[in-house]
Amino acid sequence: MDQAYFITESLRLNRFWLQIMSEHALFIREGLPCGETQLINEARQFEQLFAALKARADQTPNNREAVLALNRDVIPALDRFIAFKTNVLNRTITCRIGGFNYPLLMDHIRREAIRFRARLLELNNGISSPLAEMALEEEIFWLRIMGDHARFIAHLLDPSERPLVKQAQQFGKSFETLRLQGEDLQSMLVPRDYENHLLPADIMGCPLPPGFGNLQHPFVIPRLQRFNGEVIGATMEIRDFKATALALIERCQVLSLISPLLASHVLREAQMALEDLAMIERQLNKDRAE
Ligand SMILES: [Fe+2]
Ligand SMILES: [Fe+2]
């Protein structure tokens, strides 16, 4: 892996996602029942831990050793945070805790943490996927995240805000349609990914059983460029919708349970999605030119 890419990509991801992780801890804390003092304290510690790591990432020089060390410290912090999110999620879905954290929100923020950790592990170990596989993974990840955001917004707006609720639900549907198209393209172009889903999750990381893993290698087709463009277009639309929502929330002109921080959080994630998707676009263009 190119050294400059390792450094800039690690810093780009850390400087964005560490702030996001600290905010997740705050959202979980605010949604917990006030009697859950142990979990509330743990959440507060994660808030501080990730804020400190974010401050460190901002100061980390463009130096391979410093970046490697930062990634190495962030990964175990993410291990613990993923376990914490899992604990809150599992207690919620088995009705052993109340509060205001939707199960899908807990799953959503755990997915964001799992992917951030996977990216850092790939960077530290010099692993990269073929372009078609990477493009579809990024697109499907973000389509699901953007669709979830649309549904969270619809469910956190006051029911009296009928046109805005409807608009948010419409976004949810558009992102789900695009995600299904992404999954169709994924099984056409990356059949090994589909095959991997059919195997028990526990087998990941073990040698594949005989007969598996000999499906075709992923490949790029022109349709992928058009698909990436469609995903970018939809993401720009929801980014603008979120920017409008944030402005309304800040001016107290809309009735909802959405805090300005949550509105800004989902807006920043849409901006990050556009950055990631633009990187894919550049690589698809380069691949086509070659
Ligand atoms: Fe998030
Ligand atoms: Fe999110």
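Cut-offs used in this document
- Residues numbered from 1 in each chain as written.
- Chains lettered and ligands numbered in written order.
- Predicted model: local features only at pLDDT ≥ 70, side-chain atom pairs only at ≥ 80, totals over all residues.
- Heavy atoms only, no water.
- Helix = DSSP H or I, 4+ residues; strand = E, 2+ residues; numbered from the N terminus.
- Rg over C-alpha atoms; globule rule 2.2 N^0.38 Å.
- Buried < 20%, exposed > 50% of the residue type's maximum accessible area, 1.4 Å probe, protein only.
- Donors = N, O, S within 2.8 Å, 3.2 Å for Na, K, Ca; no water.
- Tetrahedral: all angles 85-135°; square planar, octahedral: opposite > 155°, others 65-115°.
- Contact = heavy atoms within 4.5 Å.
- 1 Å grid on protein atoms, 1.4 Å probe; cavity = no way out; pocket = protein on both sides within 12 Å on 5 of 7 lines; lining within 4 Å.
- Points joined across faces, edges and corners; volume = space filled by probe spheres on them.
- Domains from an automatic or database assignment.
- Nonpolar A, V, L, I, M, F, W, Y, C, P; charged D, E, K, R; others polar.
- Salt bridge = Lys/Arg side-chain N within 4 Å of Asp/Glu carboxyl O.

Thoughts on the overall build of the protein chain
Working step 1: When helices and strands are counted, the protein chain shows nine helices and zero strands.
Working step 2: Ordering the α and β elements of the protein chain from the N terminus gives α-α-α-α-α-α-α-α-α.
Working step 3: In terms of overall dimensions, the protein chain is globule-like: its C-alpha atoms have a radius of gyration of 20 Å, near the 19 Å expected for 290 residues.
Working step 4: Across its three principal directions, the C-alpha atoms of the protein chain cover 55 × 45 × 40 Å.
Working step 5: When the 290 residues of the protein chain are sorted by exposure, 46% land in the buried category.

Here's the deal with the coordination of the iron ion (ligand 2)
Working step 1: Only His 108 (NE2), Glu 112 (OE), His 149 (NE2) and Glu 269 (OE) from the protein reach the iron ion (ligand 2) as donors, at distances of 2.0 to 2.3 Å.
Working step 2: The site at the iron ion (ligand 2) holds four donor atoms, and with the angles between them running 85 to 160°, its shape is irregular.
Working step 3: Within one chain, the residues donating to the iron ion (ligand 2) are spaced in sequence as H-x3-E-x36-H-x119-E.
Working step 4: Taken as a pair, the iron ion (ligand 2) and the iron ion (ligand 1) show a spacing of 3.2 Å, with Glu 112 coordinating each metal. On the criterion of sequence distance, the pair formed by His 149 in helix α5 (residues 131–156) and Glu 269 in helix α9 (residues 260–289) is long-range, its members being 120 residues apart. Across the pair, Glu 269 and His 149 agree in class, each one buried.

Some details on the environment of Leu 89
Working step 1: By the element assignment, Leu 89 lies in helix α3 (residues 64–93).
Working step 2: Placed 84 residues apart in sequence, Leu 89 and Tyr 5 show a C-alpha to C-alpha distance of 35 Å.
Working step 3: What Leu 89 contacts, discounting residues up to four positions off in sequence, is Pro 103, Met 106, Asp 107 and Arg 110.

Things to note about the side chain of Arg 119
Working step 1: Mapped onto the secondary structure, Arg 119 falls in helix α4 (residues 103–124).
Working step 2: Arg 119 gets classed as buried once you look at its relative accessible area, which sits at 13%.
Working step 3: Sequence-distant contacts of Arg 119, that is, excluding residues within four places in its chain, are made with Leu 13, Glu 137 and Glu 138.

Overview of the coordination of the iron ion (ligand 1)
Working step 1: His 24 (NE2), Glu 112 (OE), His 265 (NE2) and Glu 269 (OE) make up the full set of protein donors to the iron ion (ligand 1), lying at 2.1 to 2.3 Å.
Working step 2: Viewed at the metal, the four donor atoms of the iron ion (ligand 1) are separated by angles of 82 to 167°, and the geometry they form is irregular.
Working step 3: Mapped onto the sequence, the donors of the iron ion (ligand 1) take the spacing H-x87-E-x152-H-x3-E.
Working step 4: Note on Glu 269: relative accessible area 0%, which makes it buried.

Here's the deal with the environment of Arg 144
Working step 1: As for its position among the elements, Arg 144 is in helix α5.
Working step 2: Expressed as a C-alpha distance, the spacing of Arg 144 and Glu 176, which sit 32 residues apart in the sequence, is 7.2 Å.
Working step 3: In contact with Arg 144, other than residues within four places in its own chain, are Asp 107, Arg 111 and Arg 179.

A closer look at the layout of surface pockets
Working step 1: There is about 460 Å³ of room inside the second largest pocket.
Working step 2: The set of elements that each furnish at least two residues to the lining of the second largest pocket consists of α1 (3–31), α5, α8 (222–250) and α9.
Working step 3: Each of two domains, domain 1 (1–128) and domain 2 (129–290), supplies a minimum of three residues to the lining of the second largest pocket.

A closer look at empty space enclosed by the protein
Here the idea is plain: a probe the size of a water molecule rolls over the atoms and shows the empty space left.
Working step 1: Across all of its chains, the model carries one cavity of 30 Å³ or more by this definition.
Working step 2: There is about 70 Å³ of room inside the largest cavity.
Working step 3: Forming the walls of the largest cavity are His 24, Phe 27, Leu 105, His 108, Ile 109, Glu 112, His 149, Phe 152, Leu 262, His 265, Val 266 and Glu 269.
Working step 4: Looking at the lining of the largest cavity, the elements that each hand over two or more residues are α1, α4, α5 and α9.
Working step 5: Class assignment for the residues of the lining of the largest cavity results in six nonpolar, four polar and two charged.
Working step 6: If you count residues domain by domain, the lining of the largest cavity takes at least three from each of domain 1 (1–128) and domain 2 (129–290).

Details of the domain arrangement of the protein chain
Working step 1: In terms of domain boundaries, the protein chain breaks down into domain 1 (1–128) and domain 2 (129–290).
Working step 2: The centre of domain 1, based on its C-alpha atoms, is set 19 Å off from the matching centre of domain 2.
Working step 3: The interface of domain 1 with domain 2 comprises 22 residues on the first partner and 22 residues on the second.
Working step 4: Note that Asp 276 and Arg 115 form a salt bridge whose closest N and O atoms lie 3.6 Å from each other.
Working step 5: Of all elements in the fold, only α1 and α4 reach the threshold of two or more residues within the side of domain 1 that touches domain 2.
Working step 6: Per-element tally for the side of domain 1 that touches domain 2: the top contributor is α1, with twelve residues.
Working step 7: Broken down by class, the residue content of the side of domain 1 that touches domain 2 amounts to ten nonpolar, four polar and eight charged.

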